[in-house]
Amino acid sequence: DPREKDEEELELENMLFGSKTAFGKEIGRYAEQSRKLGAGEEEAESDEELEDDQLFFLDSEPSATALAKLKSNEDTPDLDEDNGRDPPAWADSDDDRIRISLATASRLRKLRKTEEEDVISGKDYIRRLKHQYQKLHPVPQWVSDAHTSRQGKKRRRTQDGEELTDASTSDDEMDVDSDIESQQPLAKLLRDATSLTRSSTSSLGKRKLKPEVIDIRQAKAIANSGPSAITSLQIHPTLPILLASGPSSRMDLYHLHSLSPKSSTQLTSLWMPRTPFTTTAFHPNPADARIFLSARRRYFHVWNLGSGHVEKITRVYGHADEQRSMERFKISPTGTHIAFLGTARKGGGILNVLDANSLQWVAQARVEGHGGIAEFAWWADGNGLCIASKNGEITEWSMAQQRTIARWRDEGAVGTTTIALGGRTGASKIGGDAWIAVGSSAGIVNVYSRRKWANSPATTADEDNARIPSAPKPEKVLDRLTTPISNLVFSPDGQVLAMSSRWKKDALRLVHLPTCTVFRNWPTANTPLGRISAVCWGEVEGVVKLVVGNEAGKIRCWEL
């Protein structure tokens with residue numbers, strides 16, 4: 001190099017590559033060490049030849065907190081090592097080879113056992129993630145109890161004491177019952193909820209509501225999301241239990257808390273493959289612990305909550321051609337009969353009536369009306385039906401006489417969509433209902449007073465027909481909604497009518513009876529309703545509840 005090197009450059013060069021003098025010394029030193037080792041002498045090296053930092057190294061001891069955390073992590077059982085757990089279905093061989101640095105990523109530093117720990121194996125990383133999840137989300141007690149119960153019991157007993165083995169599940173549609181027939185009985189299901197045995201009899205007394213302004217408050221949401229829209233809602237007649245179902249093939253039971261800040265508790269779920277529920281209902285008799293479930297199928301199911309058994313009813317004998325689908329039904333208020341909407345439209349429409357106990361066909365109601373039957377409702381005493389045709393004609397059909405006793409037309413009807421009966425007038429030959437509401441596809445709801453019909457004098461031999469005029473005038477024409485009416489439901493005491501439409505967001509109104517005025521203070525613009533698909537009323541321990549389900553699967557509750 002023609003350029004002369006300065007002292008600093010020479011020093012750096014010697015540090016990096018070494019000098020000739022140092023190289024010769026190291027060769028001589030290595031030869032001397034080899035001679036001594038060959039002669040069996042101990043290698044001795046004076047401390048003066050080493051720097052201070054070469055004599056010692058610092059090994060930091062973990063703190064007491066780190067040691068406590070380390071011991072707690074070691075004592076925590078692995079999820080895969082729990083007794084009774086199924087082994088992993090698949091193992092990745094790469095888990096043994098990969099290495100993960102815990103110190104480089106800030107979000108992984110909480111997985112370290114000491115501050116100096118850094119690189120760990122893939123399996124250890126998975127184990128620590130599981131431990132961290134267990135700390136943040138402990139296993140609920142009811143899950144542990146259910147797991148212990150399944151591990152300890154391989155057989156179940158019926159009410160008669162007969163021991164049965166668990167049947168294997170079949171994918172055949174005709175074997176749907178085997179998937180669900182071992183559901184828990186209601187007594188076992190509710191054993192830890194003593195409040196559920198309380199009667200819904202009101203201790204606050206009956207109070208008259210004032211028109212225009214309603215005192216209502218929102219309770220905690222029952223379900224913030226669901227797998228499908230909610231198409232059926234009902235509160236048990238005596239127990240604080242809500243039934244909810246939809247086309248997701250799942251039905252849920254919730255425990256409703258009255259006058260409590262706690263949210264409603266999900267009691268259980270029933271899932272039936274390939275059965276998108278359209279109608280589900282409790283039996284109205286408190287002594288009969290059955291739930292009826294139907295879908296767009298040729299069969300329906302009956303779930304006995306007392307025994308946990310699910311029965312499949314496959315057909316209506318003698319009328320199978322007229323009942324190709326059992327998706328829409330209603331149980332009479334007395335619980336003696338069930339009416340199914342037939343699929344045949346001979347002469348206008350057909351309703352098949354079954355005995356609720358034997359589930360055998362007992363009667364058939366045929367109505368005349370263009371377009372078929374839109375909706376039907378039982379009289380309050382269960383002795384008859386109001387059947388609405390899509391052209392606006394309403395048929396009054398008597399169970400005792402098994403014939404049509406009256407036929408009248410809804411004023412200004414344009415595509416009738418639904419009807420509802422509510423309130424009580426006492427004993428009457430036309431059912432004892434105080435009100436009837438008829439909804440149309442134009443968003444109009446007509447409210448009629450059946451009390452006036454029951455009190456009107458008879459002038460002909462057919463006294464029942466004479467009580468109902470052929471073209472009655474409504475007490476009120478409600479035009480607050482602009483889309484087709486989907487739901488009309490009266491409160492248990494008949495003082496409030498809820499009307500809604502699923503075709504527009506937040507389309508719900510409450511009507512005060514007997515003034516037939518719409519409450520102006522609720523719902524507000526901030527009321528979380530959504531597209532309403534189901535509405536029901538119920539009374540829980542003296543508190544009247546309004547439950548609303550929407551197409552997003554959300555279930556909201558309000559208390560009067």
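- Where an unreviewed UniProt entry is consulted, the chain appears under the name WD40 repeat-like protein, with the organism given as Microthyrium microscopicum.
- UniProt's Subcellular location (unreviewed entry) comment on the chain is quoted here verbatim: "Nucleus, Nucleolus".

Observations concerning the overall build of the chain
At step 1: The number of helices and strands found in the chain is nine helices and 32 strands.
At step 2: Relative to its full complement of 560 residues, the chain shows a buried share of 42%.
At step 3: Counting contacts in the chain only where the partners sit at least 6 residues apart, residues at least 24 apart contribute 52% of the total.
At step 4: Carbon and sulfur atoms make up 49% of the accessible area of the chain, which totals about 31400 Å².

Description of the sheet that holds strand β11 (residues 290–295)
At step 1: Here we have four strands laid out as an open sheet, ordered β10-β11-β12-β13, and antiparallel in their pairing. For this open sheet the edge positions go to β10 (277–282) and β13 (310–313), each flanked by a neighbour on one side alone. Adjacent strand axes in the sheet meet at a mean angle of 20 degrees when their direction is disregarded.
At step 2: One ladder, built from four bridges, connects strand β12 (residues 300–304) with β13; its direction is antiparallel. Counted as the bridge partner of Trp303 is Val310 from β13.

A word on the sheet that holds strand β14 (residues 329–331)
At step 1: Read across the open sheet, the four strands follow the order β14-β15-β16-β17; overall the sheet is antiparallel. Two strands lie at the open edges of the sheet, namely β14 and β17 (361–368), each paired on one side alone. Ignoring which end each strand starts from, the neighbouring axes of this sheet average 20 degrees apart.
At step 2: One ladder, built from seven bridges, connects strand β16 (residues 348–355) with β17; its direction is antiparallel. Each residue of the ladder has a partner; that of Ile350, found in β17, is Arg366.

Describing the pairing of strand β22 (residues 416–424)
At step 1: Here β22 lies mainly inside the structure; seven of its nine residues are buried.
At step 2: Relative to strand β23 (residues 433–440), β22 runs antiparallel, the two sharing seven bridges. Looking across to β23, one finds that Arg424 is bridged to Asp433.

Structural notes on helix α5 (residues 122–136)
Because an α-helix completes one turn every 3.6 residues, residues spaced three or four positions apart along the sequence face the same direction.
At step 1: Its 15 residues give α5 an end-to-end C-alpha distance of 21 Å, which sits within 8% of 21 Å, the value for a rise of 1.5 Å per residue.
At step 2: Those residues of α5 lying buried are Gly122, Asp124, Tyr125, Arg128, His131 and Gln132.

Notes on the nonpolar core
General note: in soluble globular proteins, nonpolar side chains tend to be found buried as a group.
At step 1: Formed by 18 residues in total, the largest nonpolar core has its most connected members in Val445, Val447, Leu488 and Leu497.
At step 2: Take this core: its biggest share by element is three residues, from β23.
At step 3: When near neighbours in sequence (up to four residues on either side) are disregarded, Leu497 contacts Ala437, Val445, Val447, Leu488, Val489, Phe490, Arg509, Leu510, Val511 and Leu513.

A look at the pairing of strand β19 (residues 384–389)
At step 1: The element β19 is largely enclosed, with a buried count of six among its six residues.
At step 2: Here β19 shows two buried faces, one formed by Gly384, Cys386 and Ala388 and the other by Leu385, Ile387 and Ser389.
At step 3: In textbook terms, the turn of a hairpin is the stretch between consecutive antiparallel strands, and for strand β18 (residues 373–378) and β19 this stretch comprises five residues, one of which, Gly382, has a positive phi near 75 degrees.
At step 4: Bridging between β19 and strand β20 (residues 393–398) involves five bridges; their strand directions are antiparallel. For Ala388, the partnering residue across the bridge sits in β20 and is Ile394.
At step 5: In sequence, β19 turns back onto β20 through a hairpin of three residues, with Gly392 there showing a positive phi of about 95 degrees.

What about unusual backbone geometry?
At step 1: With an omega of 15 degrees, the peptide bond running from Leu513 to Pro514 counts as cis.
At step 2: One non-glycine residue, Glu212, lies in positive phi territory at about 75 degrees.
At step 3: Within the secondary structure, Glu212 is located in the loop between α7 (186–189) and β5 (217–218).
At step 4: Given a relative accessible area of 40%, Glu212 falls into the partly exposed group.
At step 5: The backbone phi angle of Arg274 is positive, close to 60 degrees, even though this residue is not glycine.
At step 6: When you line up the elements, Arg274 lands in the loop between β9 (265–271) and β10.

About the thresholds
- Residues numbered from 1 in each chain as written.
- Predicted model: local features only at pLDDT ≥ 70, side-chain atom pairs only at ≥ 80, totals over all residues.
- Heavy atoms only, no water.
- UniProt positions renumbered as here; feature names shortened; annotations may be inferred.
- Helix = DSSP H or I, 4+ residues; strand = E, 2+ residues; numbered from the N terminus.
- Buried < 20%, exposed > 50% of the residue type's maximum accessible area, 1.4 Å probe, protein only.
- Contact = heavy atoms within 4.5 Å.
- Areas by Shrake-Rupley, 256 points an atom, 1.4 Å probe, with all protein chains shown as cover.
- Pairing = 2+ DSSP bridges.
- Axes fitted to C-alpha atoms, helices over the stretch in contact; angles between N-to-C directions.
- Expected span 1.5 Å × (residues − 1).
- Core = buried A, V, L, I, M, F, W, Y, C linked by side-chain atoms within 4.5 Å.

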